[in-house]
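Structural overview
For reference, the chains in residue letters:
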Amino acid sequence: MHLLFVCTGNTCRSPMAAFFAQAEIQRRSLSWTVESAGLYAAEGMPMTPAAADALTRRHIPLSPHRSQPVRPDLVEKADVILVMTQSQAKDLESRFPQAKDKIRLLGGFAAFADPEEGASQTDAASSTGCDIVDPFGGLDEHYEACAQQIERSVRGLVNHLLGENKL
Ligand SMILES: N[C@@H](Cc1ccc(OP(=O)(O)O)cc1)C(=O)O
């Protein structure tokens with residue numbers, strides 16, 4: 001399984017999601033791989049410090065991050081592409097119509113984070129209510145809220161993919 005996380009700048013949300021996913025994959029001894037990219041990313045920018053801090057507070061292992069724009073080869077090799085907002089899904093779909101069936105809203109998977117809570121099986125991935133909003137330039141509390149939403153969504157994503165082995 002190869003996961004591609006996509007946001008706008010590839011310096012906040014998608015790198016956070018990729019590091020959370022890597023930690024979850026390692027914790028569950030899976031051999032999945034992960035990448036991230038941005039729809040309007042500059043090449044080679046590091047992760048925003050406040051985003052890195054939110055991960056460090058949770059003891060998520062970090063390695064140097066360098067931003068990259070979404071490219072056809074990244075889209076092609078991904079089994080699942082997770083975007084942060086409905087508008088990013090539309091943008092990505094219009095650039096890569098052939099990838100439509102593998103594009104999902106990451107926030108929609110939060111419903112699967114804690115199955116014992118009896119999460120709704122609603123396909124929340126089609127709702128803008130599941131958007132993970134850009135914390136860029138915001139306060140630390142915005143990054144923290146964003147990290148919480150991403151952490152939960154990534155856990156739900158992995159649960160869902162492992163449980164049903166399909167989207
Ligand atoms: N606003 C930034 C670009 C940017 C946008 C969003 C952003 O957050 P994320 O990486 O979560 O999409 C980061 C950077 C700029 O003007 O250069």
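Under an unreviewed UniProt entry, the name given to the protein chain is Protein-tyrosine phosphatase, and the organism recorded is Alicyclobacillus macrosporangiidus. According to the UniProt record, the Sequence similarities (unreviewed entry) comment for the protein chain reads "Belongs to the low molecular weight phosphotyrosine protein phosphatase family."

Focus: the site of the ligand
Taken together, C7, T8, G9, N10, T11, C12, R13, D134 and F136 make up all the residues around the ligand. Contacts to the ligand include T11, whose backbone N or O atom sits 2.9 Å from an oxygen atom. Here an oxygen atom of the ligand sits 2.9 Å away from a polar atom, N or O, in the side chain of D134. If the ligand stood free it would expose 420 Å²; the protein chains cover 65% of that surface. Here the residues of the shell around the ligand sort into three nonpolar, four polar and two charged.

Details of the pattern of salt bridges
Scanning the model with the defined rule gives 10 salt bridges in all. For the salt bridge of R28 with E24, the shortest nitrogen-to-oxygen distance reads 2.9 Å. For R155, the salt bridge identified is with D114, shortest N-O distance 3.4 Å. Within this pair, whereas R155 is found in helix α5 (residues 140-164), its partner D114 is found in the loop between β4 (103-105) and α5, the two being separated by 41 residues in sequence.

Overview of the nonpolar core
Residues L3, F5, M16, L106, I150, V154 and L157 are the most contacted members of the largest nonpolar core, which totals 36 residues. Elements with a contribution of two residues or more to this core: β1 (2-7), α1 (13-27), α2 (49-56), β3 (80-83) and α5. In this structure, L106 is in contact with F5, A17, L82, V83, M84, I132, I150, S153, V154 and L157, ignoring residues within four places of it in sequence. Among the nonpolar cores identified, the runner-up in size contains 17 residues, and A78, F96, A99 and L105 belong to it.

Here's the deal with the pairing of β3
The alternating pattern of β3 places V80 and L82 and I81 and V83 on opposite faces, both of which are buried. Pairing of β1 with β3, which is carried by four bridges, proceeds in the parallel orientation. Looking across to β3, one finds that L3 is bridged to V80. Sheet topology note: the β3/β4 ladder contains three bridges and is parallel. Paired with V83 across the bridge in β4 is L105. On the question of chirality, the crossover connecting β3 to the parallel β4 by way of helix α4 (residues 86-95) is right-handed.

Cut-offs and rules
- Residues numbered from 1 in each chain as written.
- Predicted model: local features only at pLDDT ≥ 70, side-chain atom pairs only at ≥ 80, totals over all residues.
- Heavy atoms only, no water.
- UniProt positions renumbered as here; feature names shortened; annotations may be inferred.
- Near = heavy atom within 4 Å.
- Polar contact = N/O pair within 3.5 Å; in protein donor to acceptor, adjacent residues only side chain to side chain.
- Areas by Shrake-Rupley, 256 points an atom, 1.4 Å probe, with all protein chains shown as cover.
- Nonpolar A, V, L, I, M, F, W, Y, C, P; charged D, E, K, R; others polar.
- Salt bridge = Lys/Arg side-chain N within 4 Å of Asp/Glu carboxyl O.
- Helix = DSSP H or I, 4+ residues; strand = E, 2+ residues; numbered from the N terminus.
- Core = buried A, V, L, I, M, F, W, Y, C linked by side-chain atoms within 4.5 Å.
- Buried < 20%, exposed > 50% of the residue type's maximum accessible area, 1.4 Å probe, protein only.
- Contact = heavy atoms within 4.5 Å.
- Pairing = 2+ DSSP bridges.
- Right-handed = clockwise from strand over helix to strand, strands pointing away.

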